Amino acid sequence: MNAKRMTVVGAALAATAAVAYAQLGGYTPVNLSSSAEGKSLIQVLNDLNRYYLHPVDQDKVLRGAITGALGSLGDEFTYYSEPEDNAIDAANLQGEFYGIGVTLVAANADGTGGKIDNVFKTGAASTAGVQIGDVFLKIGDKDVTGAKLNEIVRLVRGEKGTQVTVTFARDGKPYTAKMERQPVQIVSVEQTVLPGNVGYIALNTFYNEKASEQFRAAVADMKKKNVQKLILDLRDNGGGLLNAGVDVADQFLQSGPIVSLRDRAKNTQVFGRATNSASDYTGKLVVLVNKNSASASEVVSGALQDTGRAQIIGEQTFGKGVAQTPITLPDGGKVAIVSNEWLTPKGRQIHKKGVTPDIEVKDTRYTTPVNFSGSGVKPGEKLTLTVEGKPVTVTADKDGKFSYTGEVKRPTRSAQQGEAVVDVQGDAILKKAIEVLGQ
């Protein structure tokens, strides 16, 4: 992508009020203070230091200013990541880091806390007896029951060979595990062969520099097994690197454009073209998508649909039809700026629309959890109700209100990275794909 890179200049607040700012639209230290709005920003920052009752965290204020500037655009895909989050993001992008060998999901309904979603067979957590469903209570001496998921990840990861002590809860009972951080490689591709020699490859993310290499290896493996019918599962794949999306689509196409980019001046150019290669898979193909398939997943499904190479089965996709330019900032943070919209081979713009499947089928892998709320009891009072045959205790808040949300059923994942686990009977989209391939 040949988008112009933008820079950020930062300096400490002082009486003369230099301020960190993004060079959006060609701002300079001189002309920033030439407008009423620029002068107001500088004055507010200075007056905050002069009058605010409590000590001011200068870094937090300046980062908040960056976040506010980007937030004023009303564009959810143009955003700022703080240095700590960006460090985790960079490790995920590289596809390897040092940790305990688990994947996490939020433990609480508000998205906070951490719970074990999967334990890899070869990791330190597996050796220590950590199990799926265990909830993080403490990391070292720090209580993380209400922490953001990224904070938990940051505390668990670290230098090779160092140790981390985690207190978990299992069925409400705490236990402590001391583990040594070991190399963890992110495997974004899972595969298996279904009855009838139907190949199945699930690509979980494009946000991994090793994703293309892993996907090519999976396709090569299917060809070695003489698979003539293949299912590509892009469900819950929120996208990632555009190059990776182009490379995956190219595994199934021999010529023609895959995706084009259009800038704000409406200049359009082809970003990726298919090339004819002996490693291409030329057998029958279907692609599975759902409402969480986004960005690079839509690049792939849109290209394969436009060219008639594959039938798309599942739900309307998310609809992220824009590309971002990532910029690393002097503070170690990152800003992602929407710089282009992308088009399918037939010139379709799918932003906020999504890709419509050729065959629409509801994703039955997830069920709507039991949930309820009520009021009219004493603040702090506990109520025990029977939900699906099990007792559930809720506590009323200060207004006498209470609520409960059950766990969302999640698809089973293998403890062996790269191995796919599927439910042919209970997964309606997958079942339909097998039916279509059998026709």
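Just so you know, the residues in each chain are numbered from 1, in the order the chain's sequence is written. It should be noted that, the model being predicted, local features are given only for residues of pLDDT at least 70 and side-chain atom pairs only at 80 or more, the latter also being counted only at that level, while totals for whole chains, interfaces and linings use all residues. With hydrogens and water stripped out, all remaining heavy atoms of the structure feed into the side-chain values.

J.: Quick question: what am I supposed to make of the nonpolar core here?
T.: Soluble globular proteins tend to pack their nonpolar side chains together in the buried interior. By size, the foremost hydrophobic cluster in this structure holds 38 residues, and its most contacted members are Phe 215, Phe 252 and Ile 258. Elements represented by at least two residues in this core include exactly strand S13 (198-203), helix H7 (211-224), strand S14 (229-233), helix H8 (242-250), strand S15 (257-262), strand S17 (284-289) and helix H9 (296-306). What is meant by a nonpolar core is a set of buried Ala, Val, Leu, Ile, Met, Phe, Trp, Tyr and Cys residues, joined one to another through side-chain atoms within 4.5 Å. Only protein chains enter the accessibility calculation, which uses a 1.4 Å probe. A residue is then buried if its area is under 20% of the maximum for its type, exposed if over 50%, and partly exposed in between. In this structure, Ile 88, Val 119, Ile 152 and Ala 177 belong to the second largest nonpolar core, which totals 21 residues. A run of DSSP states H or I qualifies as a helix once it reaches four residues; a run of E qualifies as a strand once it reaches two. Both are numbered from the N-terminal end.

J.: I would appreciate a short explanation of helix H10 (residues 428-437) in the present structure.
T.: Along an α-helix, a turn takes 3.6 residues, which lines up residues three or four apart on a common side. Taken residue by residue, H10 has Ile 429, Leu 430, Ala 433, Val 436 and Leu 437 as its buried positions. Down the axis of H10, the buried side of the element spans an arc of 120°, and every buried residue falls inside it. Contacts were defined at the residue level, with two residues in contact if any of their heavy atoms lie within 4.5 Å. Lining the buried residues of H10 we find strand S12 (189-194), S13, S14, S17, strand S18 (311-314) and strand S21 (359-360). With a side-chain oxygen positioned 3.3 Å from the backbone nitrogen of Ile 429, the residue opening H10 is Asp 427. Of all possible arcs, the one meant is that of the directions from the helix axis to the C-beta atoms. Here a polar contact is taken to be a pair of N or O atoms separated by no more than 3.5 Å, where protein atoms must pair a possible hydrogen donor with a possible acceptor and residues adjacent in sequence count only if both atoms sit in side chains.

J.: Please explain the pattern of salt bridges as it appears in this structure.
T.: Opposite charge on two side chains lets them pair, provided their charged atoms get close. Salt bridges are identified by distance alone: a Lys or Arg side-chain nitrogen within 4 Å of an Asp or Glu carboxyl oxygen. Tallying each qualifying case throughout the model produces 17 salt bridges. Ionic pairing is found between Arg 216 and Asp 247, a salt bridge with its closest N-O pair at 2.7 Å. A residue pair is termed long-range when its members are at least 10 positions apart, and Arg 216 in helix H7 and Asp 247 in helix H8 qualify at 31 residues. The class for Arg 216 is partly exposed, based on a relative accessible area of 33%. For the salt bridge of Arg 235 with Asp 427, the shortest nitrogen-to-oxygen distance reads 2.8 Å. You can see Arg 235 sitting in the loop between S14 and H8 and its partner Asp 427 sitting in the loop between strand S25 (402-405) and H10, a full 192 residues away along the chain. Taking relative accessible area as the criterion, Asp 427 reaches 4% and is therefore assigned buried. One salt-bridge network, in which partners are shared between bridges, spans Asp 233, Arg 235, Asp 236, Asp 363, Arg 365 and Asp 427.

J.: Please clarify how the environment of Lys 142 should be interpreted in this entry.
T.: With respect to the secondary-structure elements, Lys 142 resides in strand S8 (residues 142-143). Sequence-wise, Lys 142 and Ile 152 are 10 residues apart; in three dimensions their C-alpha atoms are separated by 10.0 Å. Excluding its chain neighbours within four sequence positions, the residues that come into contact with Lys 142 are Leu 137, Glu 151 and Leu 155. A distance of 3.4 Å separates polar atoms of two side chains, one belonging to Lys 142 and the other to Glu 151.

J.: Can you help me understand unusual backbone geometry in this one?
T.: Note: most residues except glycine have negative phi, and most peptide bonds are trans. The phi dihedral of Asn 197 falls on the positive side, at around 55°, and the residue is not glycine. Owing to a relative accessible area of 33%, Asn 197 belongs among the partly exposed residues under this scheme. Within the chain, Asn 226 stands out as a residue other than glycine whose phi angle is a positive 60°. Assignment of secondary structure puts Asn 226 in the loop between H7 and S14. Asn 226 gets classed as partly exposed once you look at its relative accessible area, which sits at 49%.

J.: Would you take a moment to explain the sheet that holds S21 for this structure?
T.: Strands belonging to one sheet form pairs held by backbone hydrogen bonds; the direction of such a pair is parallel or antiparallel. Here, strands pair whenever DSSP counts at least two bridges between them. Taken together, six strands build an open sheet; the order of strands is S12-S13-S14-S17-S18-S21 and the sheet is mixed. The strands lining the two open edges of the sheet, one partner per strand, are S12 and S21. In this structure, S18 lies alongside S21, joined through two bridges in parallel fashion. What sits directly across from Ile 313, in S21, is Ile 359. The angle between two axes is taken between their N-to-C directions and runs from 0 to 180 degrees, where each axis is a line fitted to C-alpha atoms and a helix contributes only its stretch in contact. The strands touched by H7 are S12, S13 and S14; relative to S12, the strand with the most contacts, the crossing angle is about 10°. Helix-sheet contacts for H9 involve S14, S17 and S18, and the interaxial angle to S17 is about 140°.

J.: Honestly, the UniProt feature "domain: PDZ" (unreviewed entry) in the protein in this entry has me stumped. Any pointers?
T.: UniProt positions are given in the numbering used here, feature names are shortened, and annotations may be inferred rather than shown by experiment. Cross-referencing UniProt, the feature "domain: PDZ" (unreviewed entry) maps to residues 94-157 in the present numbering. The annotated region residues 94-157 carries 20% helix and 31% strand content, and the separation between its end C-alpha atoms amounts to 14 Å.

J.: What is the right way to look at the packing of helix H4 (residues 83-94) against helix H6 (residues 149-156) in this model?
T.: Helices that pack against each other are described as a pair by the angle of their axes relative to one another and the distance between those axes. At a minimum axis distance of 10 Å, the contact between H4 and H6 shows a crossing angle of 65°. Between H4 and H6, the angle falls in the class roughly perpendicular. In this structure, the crossing between H4 and H6 has a hand that is left-handed. Residues Glu 84, Asp 85 and Ile 88 of H4 touch H6, and the partners they reach there are Asn 150, Val 153 and Arg 154. Here roughly perpendicular refers to angles of 65 to 115 degrees, roughly parallel to angles under 35, roughly antiparallel to angles over 145, and oblique to all remaining angles. Crossings are assigned a handedness: left-handed for a near helix turned anticlockwise from the far helix by less than a right angle, right-handed for a clockwise turn.

J.: Can you help me understand the confidence of the model for the protein in this one?
T.: Low pLDDT marks regions whose predicted coordinates should not be analysed in detail. The predicted model of the protein averages 90 in pLDDT, with 94% of residues at 70 or higher. Residue-level confidence of the predictor is summarised by pLDDT, bounded by 0 at the bottom and 100 at the top. For the stretch residues 1-24, pLDDT sits under 50, and the model shows 53 contacts to residues farther than four places along the chain or on other chains.

J.: I tried to follow H9 on my own but got confused; where do I start?
T.: By the criterion of burial, H9 is predominantly enclosed, with 11 of the 11 residues buried. Among all positions in H9, only Ala 296, Ser 297, Glu 298, Val 299, Val 300, Ser 301, Gly 302, Ala 303, Leu 304, Gln 305 and Asp 306 are buried. Lining the buried residues of H9 we find S14, H8, S15, S17, S18 and strand S20 (334-343). Looking at the residues trailing H9, positive phi occurs at Gly 308, about 75°.

J.: Would you explain the packing of H8 against H9 in this entry?
T.: Where H8 meets H9, the closest approach of the two axes is 8 Å, and the angle between their N-to-C directions is 30°. One way to sum up the angle between H8 and H9 is to call them roughly parallel. As for how H8 packs across H9, the hand of that crossing is right-handed. When H8 is examined against H9, the residues Leu 242, Gly 245, Val 248 and Ala 249 are found in contact with a partner set consisting of Ala 296, Val 299, Val 300 and Leu 304. Under this grouping Gly is polar, as are all residues other than the nonpolar Ala, Val, Leu, Ile, Met, Phe, Trp, Tyr, Cys and Pro and the charged Asp, Glu, Lys and Arg. Among the residues forming the contact of H8 with H9, the class breakdown is seven nonpolar, one polar and no charged.

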